[in-house]
Amino acid sequence: MADVGRHPNITLHTMSEVADIKGFVGNFNVRVLKKARYVDTSECTACGECAKVCPVVFPDEFNVGLSSRRAVYMPFPQAVPSAYAINMNECLGHGCSKCADACDKNCIHFHMSDEDFQVTVGTIIVATGLEPYDPREMDEYGYTRYENVLTSLEFERMVNAGGPTQGELICPKGRKKPKSVGFIQCVGSRSQQKGGEYCSNICCMNTIKSTLVLKEHYPDMDIKVFYIDIRAFGKGFEDLYNRSRKLGVQYVRGLPGSIEELDDGSVRVAVENTSIGRIEYHDLNMMVLALGMKPSSGTQHLQEIMGLQLTSDGFYLEAHPKLQPVDAATRGIFYAGCAEGPKDIKESVTQGSAAAVRAIRLMHRGVITTEPITSEIIAEHCVSCGKCATVCPYNAIVVDTKKKTPAVVNTAACSGCGTCAAECKFGAIVMNHYTDQQINSQTDSMLAENAADKILTFACNWCSYAGADYAGVSRLQYPANVRLIRTMCSGRVDEEFVWHAFEKGAPVVLVSGCHIGDCHYIDANHWTEKRIIKMHKKMEKMGIRAERLQLEWISAAEGIRFARVMTDMDTLRQNVTEAEIAETVKILQARKKKY
Amino acid sequence: MEISGMAAVAGAGVDKPRIGVYVCRCGLNIAQTVDCAKVAQDSAGLENVVVSKEITYACSEPGQMEILEDIKDNGLDRIVVASCSPRLHEPTFRQMMKKAGLNPFLMEMANLREQCSWVHMKEPDAATHKAEDLVKMAVARVGLLWPLTEEIVPLTKKTMVIGGGIAGIQAALDLADTGYEVILVEKSPSIGGVMAQLDKTFPTMDCSI
């Protein structure tokens, strides 16, 4: 930690958050909001004179509320930067000023204001970490109702020599050293009802470690662990588990159904011991809840501004689970640590190093090749209506609608979603690598034979096509008459593609893309949605059953959903008769073409 | 990019494409469900297809060598690789195209593994039929593709690390020690994250800070 503070190549911004990210790989423009610390970190020597005189007392976050701190405080003794900070929401302000008076070096400045600045970077590593699960949701364990029920994090602080009790374990109620301590595993993990459905990875080993720490300090202590199964899969883990058992820690297979408090503050646990199939009651002085992990609270905000993908558990989704485990689907963005999924320290460190190398690999040449899949304007067809500029999520198109000069695409800013080409009513935009002809040629060959049997699906590269791949990797079976046409974004799916497909005899058409808010191209899929709604109305007017055109949002993690949607599409297809298809073909052949 | 693009839009002066089709068996991943030989055979009759054959592992070194030799011997200018997801191996085969002196964007993949053999395991006939369709679609498309070129732009040799926990710290130090500038953004007043709050850590039982 200290190395970070003094490294000449690292600029550290604490109390700061990323507000917005623009640009693309190689040159991301990041807007950072830095809250005022009210203490000059370059001058502060962490002498602590300010905190001694501060009259405001608040719970200490670092010790999870087990001790108190002042409004001017040092987060913890080894903090980096090694400087105090003032929480202005708690501070009495100018009227008090006792801290400023006590500071010899005059490093407290009440007039300091928040900073809002921009930086340009080539790559970004997202290491936003985790948040412990809030066990108050699991009322059966009585956390906050019973004082001697603690979380694993509270326990950590208590057994820490630098913690609020100097490493002495004390029951909050009764203030005595406990003779017996229990641990409940999987609190907020592996549950369909409360918390996450996933395994939080570290809690088994963390509890085993805690039992060893306790046995070292208090060899006679009675320790019980209530668990579903112990997952000691890492190097040296099984050995640790065996040591814990040999030291007399009792492992009871079964999670408690309820906890009640006894008169002396101890708790009585009712548990079905599934090893012997019997209900047991255990009285324990203290109970520790082994909390699971959740993604940190800012995850969703970052995901939205950066256009990243999340798994159904809320952690970031990597580009490939085995071959690109630290890459985001967006080039130039990498993941490290628990942001990507629950993991222990060793794995987090490994991933941090891996992410660093992936970033270096991208940057070391000093130049970057841009995406050649961009849109182009055919000037002679352009009527300067300005629609393309309106729909472009990257503001990459400029049109002067007054002077009626043709639109111009800034290819460096264009990310290639193709929404402009889909929205242009005059055929004035060519989307390279996904042109109208290229896509329609796929439709034509797919529907050349037995068109009525086939399910034409447009799938966006980042979510729905990846979701289909995920269904494959999971070996989920779905009807074999599904045919996918890949576009970079669902925003590329031109109305004409769908009319063309129906004209060629398609019984049903599915347009699929990333969920709203998850679009890889910021918000291009909003235009997909609007377009489909418009098309449904047109279909009704033309006398074509609107339900034959479907829109579904399928994420890269939703393999199961992909397979289900395909099965539903096949049911829908079976309701479309040959006569109905022939009628549609006739209607569409008679229609005036867009261009 | 601009010239080739516009030329193709206008449909002007393009020679008849010479397409090579490679139906990958992927060991048995594709071949145990899809009749790869049949797909290759039937695809040979498609318009502009000069070579069509099955191949054990298209992505492997010998597999790529075989395709490269065919390109040389038969003057192929467009390639269809019917194998796994382009999300996995598109970069591999684009690289192979470059090696052959062809534009990497004149290559198209048909996804016979993730979107065919693995999802229709109990219907080999339907899967083979689908595979033929997918190759047909790819052949039609590849004939209409035009060369694209990547532009080279300057890059900022700086990394932003968001989050100052153990993972962010490690990434920042590795980058900084290699000589890259790092901007580390942390929302709380100190770095350290959850790890700093822990006492001893498993499996070695040493102190966390």
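Residues numbered from 1 in each chain as written. Chains lettered and ligands numbered in written order. Predicted model: local features only at pLDDT ≥ 70, side-chain atom pairs only at ≥ 80, totals over all residues. Heavy atoms only, no water.

A.B. asks: When you look at the overall build of chain B in this model, what are you seeing that I'm missing?
C.D. replies: On a plain count of helices and strands, chain B comes out with seven helices and nine strands. Its C-alpha atoms give chain B a radius of gyration of 24 Å, clearly above 17 Å, the size a compact globule of 209 residues would have. Viewed in the frame of its principal axes, chain B has a C-alpha envelope of about 70 × 50 × 30 Å. Here chain B holds 209 residues, and the buried ones make up 57% of them. Counting only contacts in chain B whose residues sit at least 6 apart along the sequence, the fraction spanning at least 24 positions is 67%. When the accessible surface of chain B is summed, it comes to about 8200 Å², and 53% of that surface belongs to carbon and sulfur atoms. Looking at charge distribution, chain B has the averaged site of its 20 positive side-chain charges lying 2 Å from that of its 27 negative ones. (Helix = DSSP H or I, 4+ residues; strand = E, 2+ residues; numbered from the N terminus. Rg over C-alpha atoms; globule rule 2.2 N^0.38 Å. Buried < 20%, exposed > 50% of the residue type's maximum accessible area, 1.4 Å probe, protein only. Contact = heavy atoms within 4.5 Å. Areas by Shrake-Rupley, 256 points an atom, 1.4 Å probe, with all protein chains shown as cover. Lys, Arg positive; Asp, Glu negative; His and termini not counted. Charge placed at Lys NZ, Arg CZ, Asp CG, Glu CD.)

A.B. asks: It is not clear to me how the packing of aromatic side chains should be interpreted in this structure. Could you clarify?
C.D. replies: Two aromatic rings are characterised by how far apart their centres lie and by the angle between their planes. Counted by the stated rule, this structure contains 11 aromatic pairs over all chains. Summarising the aromatic geometry, the rings of F155 of chain A and F183 of chain A are spaced 5.5 Å apart at their centres and angled 80 degrees between planes, so their arrangement reads as edge-to-face. Separated by 28 residues along the polypeptide, F155 of chain A in helix α4 (residues 152-159) and F183 of chain A in strand β12 (residues 180-187) bring together distant segments of the chain. Like F183 of chain A, F155 of chain A is buried. Ring centres of Y227 of chain A and Y251 of chain A lie 6.2 Å apart, and the angle between their planes is 75 degrees; this geometry places the pair in the edge-to-face category. Of the two residues, Y227 of chain A sits in strand β13 (residues 222-227) while Y251 of chain A sits in strand β14 (residues 250-253), which places them 24 residues apart along the sequence. Ring-pair connections join several aromatic residues into one group, and the members of that group are Y227, Y241 and Y251 of chain A. Here the guanidinium or amino end of R475 of chain A rests over the ring plane of W118 of chain B, the centre of that ring lying 3.7 Å away. Positioned over the ring face of Y434 of chain A is R141 of chain B, at 4.8 Å from the centre of the ring. (Phe/Tyr/Trp six-rings, centres within 6.5 Å; stacked < 30°, edge-to-face > 60°. Lys NZ or Arg CZ within 6 Å of the ring centre and 35° of its normal.)

A.B. asks: Looking at this structure, I do not really get the pattern of salt bridges. What am I missing?
C.D. replies: Side-chain pairing between opposite charges can occur once the charged atoms of the two side chains come close. All names here are of chain B. In total, this model carries 49 salt bridges over all chains according to the counting rule given. We note a salt bridge from D70 to K53, for which the minimum N-O separation is 2.8 Å. Of the two residues, D70 is situated in helix α3 (residues 61-74) and K53 in strand β2 (residues 49-55); the sequence distance between them amounts to 17 residues. Residue D70 is classed as buried on the basis of its relative accessible area of 9%. A relative accessible area of 25% means that K53 is categorised as partly exposed. Between D133 and K136 there is a salt bridge; the shortest N-O distance is 3.8 Å. Of this pair, D133 and K136 both sit in helix α6 (residues 124-144), three residues apart, which is roughly one turn of that helix. The exposure classification of D133 matches that of K136, with both residues buried. (Salt bridge = Lys/Arg side-chain N within 4 Å of Asp/Glu carboxyl O.)

A.B. asks: Explanation requested: the packing of α3 of chain B against helix α4 (residues 86-99) of chain B in the structure shown.
C.D. replies: Residues and elements named next belong to chain B. Closest axis-to-axis distance for the α3/α4 pair is 10 Å, and the angle between their directions is 45 degrees. As far as their axial angle goes, α4 and α3 are oblique. Helix-helix and strand crossings are classified by hand; for α3 and α4 the assignment is right-handed. Across from E61, Q64, I67 and L68 in α3, the residues of α4 making contact are T92, M96 and K99. (Axes fitted to C-alpha atoms, helices over the stretch in contact; angles between N-to-C directions. Parallel < 35°, antiparallel > 145°, perpendicular 65-115°, else oblique. Left-handed = near helix turned anticlockwise from the far one by under 90°.)

A.B. asks: Whenever I open this one, the pairing of strand β23 (residues 397-400) of chain A confuses me. Can you help?
C.D. replies: Side chains on a regular strand alternate between the two faces of the sheet. Residue and element names in this part refer to chain A. On β23, burial follows the alternation: I397 and V399 on one face are buried, whereas V398 and D400 on the facing-out side are not. Relative to strand β24 (residues 405-409), β23 is paired through three bridges, and the arrangement is antiparallel. Residue pairing for β24: V398 is matched across the bridge by V408. Between the end of β23 and the start of β24, which pair antiparallel, lie four residues, with K404 showing a positive phi angle near 60 degrees. (Pairing = 2+ DSSP bridges.)

A.B. asks: Help me understand the side chain of E318 of chain A, please; the structure alone is not making it clear to me.
C.D. replies: All names here are of chain A. Positionally, E318 belongs in the loop between α7 (299-306) and β20 (333-335). One buried charge, E318, has no salt-bridge partner; the nearest side chain with opposite charge is K343, at 8.0 Å. For E318, the residues in contact, after removing those within four places along its chain, are Q324, P325, D327, Y335 and E340.

A.B. asks: What am I meant to see in the sheet that holds strand β8 (residues 115-121) of chain A here?
C.D. replies: The strands making up a sheet associate through backbone hydrogen bonding, with each pair oriented either parallel or antiparallel. Residue and element names in this part refer to chain A. Spatial strand order, β2-β3-β8: three strands in an open sheet with antiparallel pairing. Two strands bound the open sheet, and with one partner strand each, they are β2 (16-24) and β8. Averaged over all pairs of adjacent strands, the angle between their axes in this sheet comes to 20 degrees, without regard to strand direction. In terms of strand pairing, strand β3 (residues 27-34) meets β8 through seven bridges, oriented antiparallel. By the bridge assignment, F28 is partnered in β8 with V121.

A.B. asks: How do you make sense of the packing of helix α11 (residues 436-447) of chain A against helix α13 (residues 495-503) of chain A when you look at a structure like this?
C.D. replies: Two numbers describe a pair of packed helices, the interaxial angle and the distance between the axes. All names here are of chain A. Closest axis-to-axis distance for the α11/α13 pair is 10 Å, and the angle between their directions is 20 degrees. In terms of axis orientation, α11 runs roughly parallel to α13. Handedness of the crossing formed by α11 with α13: right-handed. Packed against α11, whose contacting residues are D436, I439, N440, T443, D444 and L447, the element α13 presents F497, H500 and A501 at the interface. Counted by class, the contact of α11 with α13 contains four nonpolar, three polar and two charged residues. (Nonpolar A, V, L, I, M, F, W, Y, C, P; charged D, E, K, R; others polar.)

A.B. asks: How do you make sense of the interface of chain A and chain B when you look at a structure like this?
C.D. replies: It is common to report an interface's size as the accessible area lost on association of the parts. Chain A puts 122 residues into the contact, and the matching count from chain B is 89 residues. Of the roughly 9200 Å² buried at the junction of chain A and chain B (both faces included), carbon and sulfur atoms supply 63%. Counting across the interface, chain A meets chain B through four salt bridges. A salt bridge links E449 of chain A to K136 of chain B, with the nearest nitrogen and oxygen atoms 3.6 Å apart. Where chain A touches chain B, the interface holds 54 residue pairs in polar contact (both at pLDDT 80 or more). If you tally residues by element for the side of chain A that touches chain B, the top one is helix α8 (residues 345-363) of chain A, at 10 residues. Class assignment for the residues of the side of chain A that touches chain B results in 66 nonpolar, 40 polar and 16 charged. Here strand β1 (residues 10-13) of chain A runs beside strand β7 (residues 181-185) of chain B; their pairing, made up of four bridges, is parallel. Bridging from a neighbouring strand, T11 of chain A pairs with I183 of chain B of β7 of chain B. (Buried area = accessible area lost by both parts, 1.4 Å probe. Polar contact = N/O pair within 3.5 Å; in protein donor to acceptor, adjacent residues only side chain to side chain.)

A.B. asks: I tried to follow the pairing of β2 of chain A on my own but got confused; where do I start?
C.D. replies: Residues and elements named next belong to chain A. Relative to β3, β2 is paired through eight bridges, and the arrangement is antiparallel. Within β3, the position partnered with F24 by the bridge is N27. Where β2 folds back onto β3 in an antiparallel hairpin, the turn is made up of two residues, including G26, whose phi is positive at roughly 95 degrees.

Keep in mind these values describe shape, not function.
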